[in-house]
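# Descriptive analysis of the structure
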Amino acid sequence: MTSRQMVLGMQFSGGYGAAPGAWRLPGANLNSYTDMDQFVRYAQAAERGKIQLLFIADTPVLDVDLDHHAPHHMIDPLLILTVLARETERIGLVTTASTTFTEPYNLARQFKALDVISRGRAGWNAVTTSDPAAAANFGATIPPRAEKYERAHEVIQIVQGLWGSWEKDAWLLDVAGKRFADIDKIQPVNLQGKHAASRGPLPIPPSEQGQPVIFQAGGGGYGLELAGRYASGVYANPYTIEDAQAQRQALRDAVKRAGRDPDEVKMLAGFMPTIAPSRQAALERRRFLDEVVDLKQRVRYLGAMIGLPLGPGQLDEPLTADQLADAMPSPHDPRSARALEVAREGWTLRDVLAHGVIDYHPVVAGTAADVADHMQHWFEAEACDGFSVAVDGYHDGFDAFVDQVVPILRERGLFHDDYEGPTLRENLGAHEQYGLDPRLTKPTPS
């Protein structure tokens, strides 16, 4: 048993699952991309397991070949979360919105509206945009990295200022006195930066948690600085436990430099489980999911990872003894050591790929206990504060995780039995905040 317990978020990506072939799984609702009833069912399953939050990743671009793949992203994350807010009671509702191509007033109004509608369960994953195709959708180009993050700092501060433009007791609702609100306590913010500005105020009073919780998902020095100053939750993509430990320590150091308490910021590591009655059944499911991806291209990439000229002709064969002797993991790809480790177990290259060795998150394909073991190992090694769980297929994956994995985590003392309170801020253990954070003593980087 341990007093420290993990924070769990369940990811939504598209309408079917984290795996590109999820839309083809037996039992999947083929209309899930636009069927709100399906999203409600998934959200309610997660809430049944007392999962702290749902997370919708988003990039404003169509970035897949629709011939074989469902879209990566939702039809509109904020609208879907508004639907879910009316059908759930405790689970947090978090989505991504760009600071690069969205004005702070729009961001502040939309997210605070969701926060009020959900009674204090909204979160904003504040990120910059780096995809030129996404920029083109706004008739723009990607600005230089330093400028992009300079704007991000301004936008977040203006949004927080707008969120606090109503004092907490400004809403009077005084029928006898004929006063709806105290206008002296609802004031413009008049914030002007180099790249963004807003007069305010918002037309929205505080929610039960005051204002939405800020998340962040950017990497590198600029992203760390942004997370260190503003975020209460950070989505990270480490592939190895050592990289995760280093990322978490770097985050905690950035938070401390900003004058905040490192313990109030939670790093959630991305993780892709495939849950089945046996490891063999899980691998068979992964092989089916891979039928829509270009395995010819993937096997060549696998070869580059382990220093071998591999081609599709060897897809259904294992590496030869000579190949194994010559193989060397690439120092430029943290997934390479795991890829070679699986290949040395004697699997065919198709099965090596089915193990998820080139996926963007660590993959565990196995039983519920296998999944829980991975999570416990990382969590107890202080490689993360919890996980952003991207199940392969939503229609059965949400239930499998909640009904099979969560009970194991609880038995091991790693996950809570119930929500700590009604708001996301309480359930995440985030710092109480309304408006700008007065603890940020250092000036915004320029």
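The structure we're discussing is the one just above.
These notes cover the structure that comes with them. (Residues numbered from 1 in each chain as written. Predicted model: local features only at pLDDT ≥ 70, side-chain atom pairs only at ≥ 80, totals over all residues. Heavy atoms only, no water.)

Right, let's talk about the pairing of strand β5 (residues 171–174) for a bit. As paired elements, β5 and strand β6 (residues 179–181) share 2 bridges and run antiparallel to each other. Opposite D174, over in β6, you have R179 as the bridge partner. (Pairing = 2+ DSSP bridges. Helix = DSSP H or I, 4+ residues; strand = E, 2+ residues; numbered from the N terminus.)

Turning to the pattern of salt bridges, a few remarks are in order. Inspection of every chain in the model, using the stated rule, returns 28 salt bridges. One salt bridge connects R119 with E208, and the closest N-O pair in it is separated by 3.5 Å. Pair noted here: R119 is in the loop between α3 (104–117) and β4 (122–127) and E208 is in the loop between β8 (197–198) and β9 (213–216), with a separation of 89 residues, a long-range link. Its relative accessible area of 58% is what places R119 among the exposed residues. Since its relative accessible area comes to 48%, E208 is described here as partly exposed. Through salt bridges that share partners, R4, R248, E382 and D385 make up one connected network. (Salt bridge = Lys/Arg side-chain N within 4 Å of Asp/Glu carboxyl O. Buried < 20%, exposed > 50% of the residue type's maximum accessible area, 1.4 Å probe, protein only.)

Attention now goes to the pairing of β9. The alternating pattern of β9 places V213 and F215 and I214 and Q216 on opposite faces, both of which are buried. Sheet topology note: the β4/β9 ladder contains 3 bridges and is parallel. Each residue of the ladder has a partner; that of G123, found in β9, is V213. Two elements, β9 and strand β10 (residues 233–236), share 2 bridges in a ladder whose sense is parallel. When the bridges of β10 are listed, F215 appears paired with G233.

Moving on, we come to the environment of D392. With respect to the helices and strands, the residue D392 is situated in the loop between β13 (386–389) and α14 (394–411). Put simply, D392 and G21 are 371 residues apart on the chain and 8.7 Å apart in space, counted from C-alpha to C-alpha. A distance of 2.8 Å separates a polar atom in the side chain of D392 from a polar atom in the side chain of R285. (Polar contact = N/O pair within 3.5 Å; in protein donor to acceptor, adjacent residues only side chain to side chain.)

If you look at the biggest cluster of nonpolar residues, it comprises 81 residues, and the most contacted ones within it are W124, F387 and F401. Counting 21 residues, the second largest nonpolar core, distinct from the first, contains A339, V342, A343 and V352. (Core = buried A, V, L, I, M, F, W, Y, C linked by side-chain atoms within 4.5 Å.)

Bringing the side chain of S336 into the picture now. Following the sequence through the fold, S336 ends up in helix α11 (residues 336–343). A residue is classified by how much of its surface remains accessible, and S336, at 0% relative accessible area, is buried. Side-chain polar atoms of S336 contact the backbone oxygen of M305, separated by 3.2 Å. For S336, the residues in contact, after removing those within four places along its chain, are M305, I306, P329 and S330. (Contact = heavy atoms within 4.5 Å.)

Aromatic ring pairs: the centre-centre distance and the angle between the two ring planes describe each pair. Here the structure, examined in full by the defined rule, presents 16 aromatic pairs. For the ring pair F101 and F138, a centre distance of 5.2 Å and an interplane angle of 10° mean the geometry is stacked. Linking F101 in the loop between β3 (92–98) and α3 with F138 in the loop between α4 (132–136) and α5 (145–163), this pair joins segments that are 37 residues apart in sequence. On the basis of relative accessibility, which here comes to 17%, the residue F101 falls in the buried class. Looking at F138, the relative accessible area reads 42%, which means it is partly exposed. Grouped by ring-pair contacts, the aromatic residues F12, F39, Y42, Y394 and F398 constitute a single cluster. Between R4 and the ring centre of F379, over which it is positioned, the NZ or CZ distance is 3.9 Å. (Phe/Tyr/Trp six-rings, centres within 6.5 Å; stacked < 30°, edge-to-face > 60°. Lys NZ or Arg CZ within 6 Å of the ring centre and 35° of its normal.)

With that settled, consider a nonpolar patch on the surface. Judged by side-chain polarity, W171, L173 and F180 come together as a nonpolar surface patch covering roughly 340 Å² of accessible area. Summarising the element assignment, L173 is placed in strand β5. (Patch = residues over 30% accessible without salt bridge, like charges linked within 9 Å, V, L, I, M, F, W, Y side chains within 5 Å. Areas by Shrake-Rupley, 256 points an atom, 1.4 Å probe, with all protein chains shown as cover.)

Further remarks concern the environment of L268. Its location among the elements puts L268 in strand β11 (residues 266–275). Residue L268 is classed as buried on the basis of its relative accessible area of 1%. For the pair L268 and A258, spaced 10 residues apart in the sequence, the C-alpha separation amounts to 20 Å. Excluding residues that lie within four positions of it along the chain, L268 makes contacts with V7, V234, Y235, A236, G386, F387 and S388.

On to the packing of α3 against α5. Relative orientation of the contacting elements α3 and α5 amounts to 50°, with a least axis distance of 9 Å. The angle between the axes of α3 and α5 places the two elements in the oblique class. Read as a crossing pair, α3 and α5 show a hand that is right-handed. The residues of α5 that touch α3, namely those facing P104, Y105, L107, A108, F111 and K112, are V155, I158, V159, L162 and W163. Each residue belonging to the contact of α3 with α5 can be placed in one class, and the counts come to 10 nonpolar, no polar and 1 charged. (Axes fitted to C-alpha atoms, helices over the stretch in contact; angles between N-to-C directions. Parallel < 35°, antiparallel > 145°, perpendicular 65-115°, else oblique. Left-handed = near helix turned anticlockwise from the far one by under 90°. Nonpolar A, V, L, I, M, F, W, Y, C, P; charged D, E, K, R; others polar.)

As a further point, take helix α6 (residues 220–230). For an α-helix, 3.6 residues make a turn, and residues three or four places apart therefore share a direction. Along α6, the residues classified as buried are G223, L226, A227, G228, R229 and Y230. Looking at the packing, one finds that the buried side of α6 touches β4, α5, β9, β10 and α7 (241–257).

Nothing here speaks to function; it is all geometry.
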